[in-house]
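# A look at the structure
These are the residues of each chain, in order.
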Amino acid sequence: MDIYHGFIIWILMVTFKGVRTIHPECSIVLHLQEKEAECRLKIQTSLMQFLFNSNDTDTGCLIEWDGVNCWPAVSVGESVSVSCPPPFLKSHEHIITRTCTIQGWSRQSVPYYTACFQDNSTEQEDTAGQRREFFATVKLMYTVGYGVSIGSLCIAVFIFCIFRKLLCTRTYIHLNLFSTFILRALAVFVKDAVLFADETVNHCTVSTILCKAAVAFFQYCVLANFCWLLVEGLYLHTLLVFTFALKRTFFWWYTLIGWGTPSVTVIIWTFLKHKYENQGCWDDLDSGYWWIIKIPILTSVLVNFLVFVNISRIIVVKTKTPESNGGDRQLYRRLAKSTLLLIPLFGVHYIVFALFPEHVGLEARLFFELVLGSFQGFVVALLYCFLNSEVQNEISKVIAKYKSRTENSTFQMATQDFTA
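The notes below deal with the structure included here. Since the model is a prediction, treat every value here as computed from it, not as a measurement.

### With respect to the environment of I297
- Looking at the element boundaries, I297 is found in helix 8 (residues 290-320).
- Assessed through its relative accessible area of 1%, I297 is described here as buried.
- With 75 residues separating them in the primary sequence, I297 and V222 have C-alpha atoms 8.6 Å apart.

Next comes the structure, spelled out in structure tokens:
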């Protein structure tokens, strides 16, 4: 019970500790918005005081927001000095001064661009250009990858639906897995279209029902995909461990895991985000609520990895058993080979990046999760359908029937011509 309570307390601490954390790229925008709101409140208060004290002739300069700093109300001739805001602070601090004159506030002694950005402006522009080029390349690559995956998975679903002899518990699980890969790819396209179609929109402050729905749909599809990958591993484990299994009963449990778990998780996540952190488009991965999505994914990947380790152990033991004949050994070796091929597909790399913050190793993370992950559906369709011997046999039978019919019709036409 102590371990259980400790785990619950840790989950609560992780969840609520980072509730108000902000993504580094949006910290500047949100900081300026917060300071502007505070300054506007001060301006309204000072205006009310000015109206009540209208007999005062020495007004001086009123409070002013210049887009970066809030300058206080001072008398004519006084000077005020400020430094760069915290998000812009550099190794050496520049002091920016303004003087209150009869005409109003003077210009800054040093422009903000020079004081806060000038030192490494060229390097920053080069770095920003490289990042934009990298992100554009990544987007092009995963767009192609998801497009190829959708096409191959649709063909695989069509093949399984056409050949009714192939439909069984195993192929039904494959079809559900194919559906999650298709939904995941579509969710990526929908999310890109809603969030990033208009480059002029400030993504740090935009908050619409459409973009929140797109992000929630994306999270659901990702969770469903990982859950059905877990079901694939559990089903293979069931075939090896249980000789006589109620497949229909197990399939309903698999359906509950594959579609029920992500539904409940996303509903809880959506409720908490709407109730306590209804900011932006809910795509802040540094938020503590992100662990509500992350923990089930990590759990499914970890369980899948342990399942495949146990499957490999069982296969090795049964292969070395003297009682097993040559046919069984060949079957177990084929299962071992397919198991080793499927382990890299089931998101084991996700554990490596999950232990670090989302902005650490961003380029490597994007390459593995977006570029390589976009072709994951194509590889699954290739292994489960196109390279499946049963599917190939059914297709060969159809081709053979078509050839025999073509040859018979050709022979009959030739015979009719000869007779004529």
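### As for the pairing of strand 4 (residues 95-101)
- Because side chains alternate across strand 4, one face comprises the buried residues I96, R98 and C100, and the other comprises I95, T97, T99 and T101, none of which is buried.
- Where strand 3 (residues 79-83) and strand 4 come together, five bridges link them in antiparallel fashion. Looking across to strand 4, one finds that V80 is bridged to R98.
- The turn joining strand 4 and strand 5 (residues 104-105), which pair antiparallel and follow one another in sequence, is formed by two residues.

### A short note on the sheet that holds strand 3
- Sheet architecture is open: three strands sit in the order 3-4-5, paired in antiparallel fashion. The outermost strands of the open sheet, each flanked by one partner alone, are strand 3 and strand 5.
- The sheet contact formed by strand 4 and strand 5 spans two bridges and is antiparallel. Bridging across to strand 5, T101 finds its partner in G104.

### Comments concerning a nonpolar patch on the surface
- Taken together, the side chains of L140, V144, V148 and F375 define a hydrophobic patch exposed on the protein surface, amounting to about 320 Å² of accessible area.
- Within the element layout of this structure, F375 appears in the loop between helix 11 (362-374) and helix 12 (376-386).
- The partly exposed category is assigned to F375, whose relative accessible area is 31%.

### Considering the environment of Y220
- As for its placement among the helices and strands, Y220 is situated in helix 6 (residues 209-241).
- In this structure the C-alpha to C-alpha distance between Y220 and V264, which are 44 residues apart in sequence, comes to 9.6 Å.
- In contact with Y220, other than residues within four places in its own chain, are W259, P262, S263 and V266.

About the thresholds
- Residues numbered from 1 in each chain as written.
- Predicted model: local features only at pLDDT ≥ 70, side-chain atom pairs only at ≥ 80, totals over all residues.
- Heavy atoms only, no water.
- Helix = DSSP H or I, 4+ residues; strand = E, 2+ residues; numbered from the N terminus.
- Buried < 20%, exposed > 50% of the residue type's maximum accessible area, 1.4 Å probe, protein only.
- Pairing = 2+ DSSP bridges.
- Patch = residues over 30% accessible without salt bridge, like charges linked within 9 Å, V, L, I, M, F, W, Y side chains within 5 Å.
- Areas by Shrake-Rupley, 256 points an atom, 1.4 Å probe, with all protein chains shown as cover.
- Salt bridge = Lys/Arg side-chain N within 4 Å of Asp/Glu carboxyl O.
- Contact = heavy atoms within 4.5 Å.

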